[in-house]
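Summary of structural features
Spelled out from the first residue to the last, the chains are:
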Amino acid sequence: MPIADIGASRVHYQKSGNGKESVVLLHAFPLHAGMWSRQITALSRTHQVIAPDYRGLGKSPPGPAASTMELLATDVLSLLDHLSVRRAAFVGLSMGGYLAFEIYRRSPGVFRALALCDTRAGPDSPEGAANREKFAQTAIEKGLGWVADEMTPKLLRPQPDAAAVKEVRSLIGQGTPAGVAAAQRGMARRPDSTPTLAQIACPALVVVGAEDALIPPPEAEKLAAGIKGAKLATIPGAGHLPNIESPTAFDAALLGFLEALPG
Ligand code: MLT
């Protein structure tokens, strides 16, 4: 899989399909682009699909101590520039949604459409930000096994399939403790994206797993209500990662949205 040397950073990404329209898949914390494997297969039949790993997660080398949304947005926009992609539909799940808001603020013209999955616009409370700092320090002390123990039950539905547990633990294990800590510190510093919602002028879809305990369905309803014309899809049988736990329903919602976009 390719690595792009863009300015001061190196970004590993997956790219497949050669459709006329592009889709950019922005992953959740503390996973990497591999969490989109099923969607990459489904979407690349009709689209060019690009899925980066954020710094220090998956195969992208770690960067500075905090992977702020500003820094990651620069990486993604530089990668798109490197690949000569001028316009794309963006799909951001959880942290990927936080990042999509930042990219939108920086470059609204690049958005053909936006799908926001299991994410929220609001910032962390001071207590939430302090917990992220504790998590970052413990991740560095105890390593990725501890990160997987902490995060996997939160990411999946209450009675998850053993295969989903195995897959998520493996995705987490392919990052680095420094990258996990930097992502937590970057998310803690993210701005409030609530004012951005009224600016979103492209077609938008909000997706949520019906059993998402981290960002539950009422939050998704609030998010959809804040974006003009946004549609909402609730995916049964899934927690925070509906693309992994209920991929058939997730892909149907996403493909239905993409296929209905104006050319
Ligand atoms: C994610 O899935 O990306 C995280 O749960 C986001 C967060 O920690 O706020």
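Just above sits the structure.
The numbers attached to residues start from 1 for each chain and follow its sequence in the written order. Two thresholds apply to this predicted model, a pLDDT of at least 70 for residue-level local features and 80 or more for giving and counting side-chain atom pairs, whereas whole-chain, interface and lining totals are computed over all residues. Calculated side-chain values reflect all of the structure's heavy atoms, with hydrogen atoms and water omitted.

As for the overall build of the chain
Across its full length, the chain carries 11 helices and eight strands. We take the radius of gyration over the C-alpha atoms and set the globule estimate at 2.2 Å times the residue count to the 0.38 power. The C-alpha atoms of the chain give 17 Å as radius of gyration, which agrees with the globular expectation for 263 residues (18 Å, within 12%). The principal-axis extent of the C-alpha atoms belonging to the chain is close to 50 × 40 × 35 Å. For the chain, with 263 residues in total, the buried portion stands at 57%. In what follows, residue pairs with any heavy atoms lying within 4.5 Å of each other are defined as contacts. Restricting to contacts in the chain with at least 6 residues of sequence separation, those with at least 24 account for 76%. Taken as a whole, the chain presents about 10600 Å² of accessible surface, with 55% of it coming from carbon and sulfur. Only DSSP runs of H or I covering at least 4 residues are called helices, and only runs of E covering at least 2 are called strands; the numbering of each starts at the N terminus. Categorising residues by exposure relies on relative accessible area from a 1.4 Å probe, with only protein chains included: less than 20% of the type maximum marks a residue as buried, more than 50% marks it as exposed, and the intermediate range marks it as partly exposed. Each accessible area is a Shrake-Rupley result for a 1.4 Å probe, and residues are judged covered by the shown protein chains and nothing else.

Things to note about the side chain of threonine 119
The residue threonine 119 is located in the loop between β6 (111–117) and α4 (126–142) in this model. A distance of 2.9 Å separates the side chain of threonine 119 from the backbone oxygen of serine 94, its partner in a polar contact. When near neighbours in sequence (up to four residues on either side) are disregarded, threonine 119 contacts Ser94, Gly97, Tyr98, Ile215 and Leu223. By the criterion applied in these results, polar contacts are pairs of N or O atoms within 3.5 Å in which, for protein atoms, one can donate a hydrogen and the other can accept it, and in which residues neighboring in sequence qualify only through two side-chain atoms.

Here's the deal with helix α3 (residues 95–106)
Helix span, expected: 1.5 Å multiplied by one less than the number of residues in the helix. With 12 residues, α3 ought to run about 16 Å at 1.5 Å a step, and its terminal C-alpha atoms sit 17 Å apart, in line with that. Counting buried residues along α3, 10 of its 12 residues qualify, which places the element largely inside the surrounding structure. Among the residues of α3, Met95, Gly96, Gly97, Tyr98, Leu99, Ala100, Phe101, Glu102, Ile103 and Tyr104 are the ones counted as buried.

Brief notes about the site of the ligand
Proximity criterion: a residue is near a molecule or strand once any of its heavy atoms comes within 4 Å of it. The immediate surroundings of the ligand are formed by Ala28, Phe29, Ser94, Met95, Tyr98, Arg132, Met187, Leu214 and His240. Contact distances for the ligand include 2.9 Å between an oxygen atom and a side-chain N or O atom of serine 94. Within the contact set of the ligand, an oxygen atom lies 2.9 Å away from a backbone nitrogen or oxygen of methionine 95. Contact with the protein chains removes 91% of the 270 Å² of surface that the ligand exposes when unbound. Here the ligand occupies the largest pocket. Here a cavity means grid points, on a 1 Å grid over the protein atoms only, where a 1.4 Å probe fits yet cannot get out; a pocket means an open set of points with protein on both sides within 12 Å along at least five of seven lines; lining residues are those with an atom within 4 Å of a point. Molecule-in-pocket calls rest on the fraction of atoms, with more than half required to lie within 2 Å of the cavity or pocket grid points.

Here's the deal with the pattern of salt bridges
Salt bridges are defined by distance alone: a side-chain nitrogen of Lys or Arg within 4 Å of a carboxyl oxygen of Asp or Glu. Scanning the entire structure with this criterion turns up 13 salt bridges. Across the pair arginine 112 and glutamate 21 runs a salt bridge, and its minimum N-O distance is 3.5 Å. Of the two residues, arginine 112 is situated in strand β6 and glutamate 21 in the loop between β2 (9–16) and β3 (22–26); the sequence distance between them amounts to 91 residues. We classify arginine 112 as buried; its relative accessible area is 8%. In this structure, arginine 38 engages glutamate 167 in a salt bridge whose closest nitrogen and oxygen atoms are separated by 2.7 Å. Placement of the pair is arginine 38 in helix α1 (residues 37–43) and glutamate 167 in helix α6 (residues 162–173), with a sequence separation of 129 residues.

Description of helix α11 (residues 247–259)
Counted at 1.5 Å a residue, the expected span for α11 with its 13 residues is 18 Å, and the 17 Å between its end C-alpha atoms agrees. Of all the residues in α11, the buried ones are Pro247, Phe250, Asp251, Leu254, Leu255, Phe257 and Leu258. Summarising the axial view, the buried residues of α11 lie within an arc of 160°, below the 170-degree limit, and thus occupy one face. Those residues of α11 that are exposed and aimed more than 90 degrees away from the buried face are Thr248, Ala252 and Glu259. Summarising the geometry, the arc corresponds to the directions from the helix axis toward the C-beta atoms.

Re unusual backbone geometry
Cis rather than trans, the peptide bond between phenylalanine 29 and proline 30 has omega equal to -5°. Mapping proline 30 onto the fold places it in the loop between β3 and α1. Within the chain, serine 84 stands out as a residue other than glycine whose phi angle is a positive 60°. Along the chain, serine 84 turns up in the loop between α2 (69–82) and β5 (88–93). With phi around 55°, serine 94 is a residue other than glycine that occupies positive phi space. Relative to the helices and strands, serine 94 resides in the loop between β5 and α3. Taking relative accessible area as the criterion, serine 94 reaches 8% and is therefore assigned buried.

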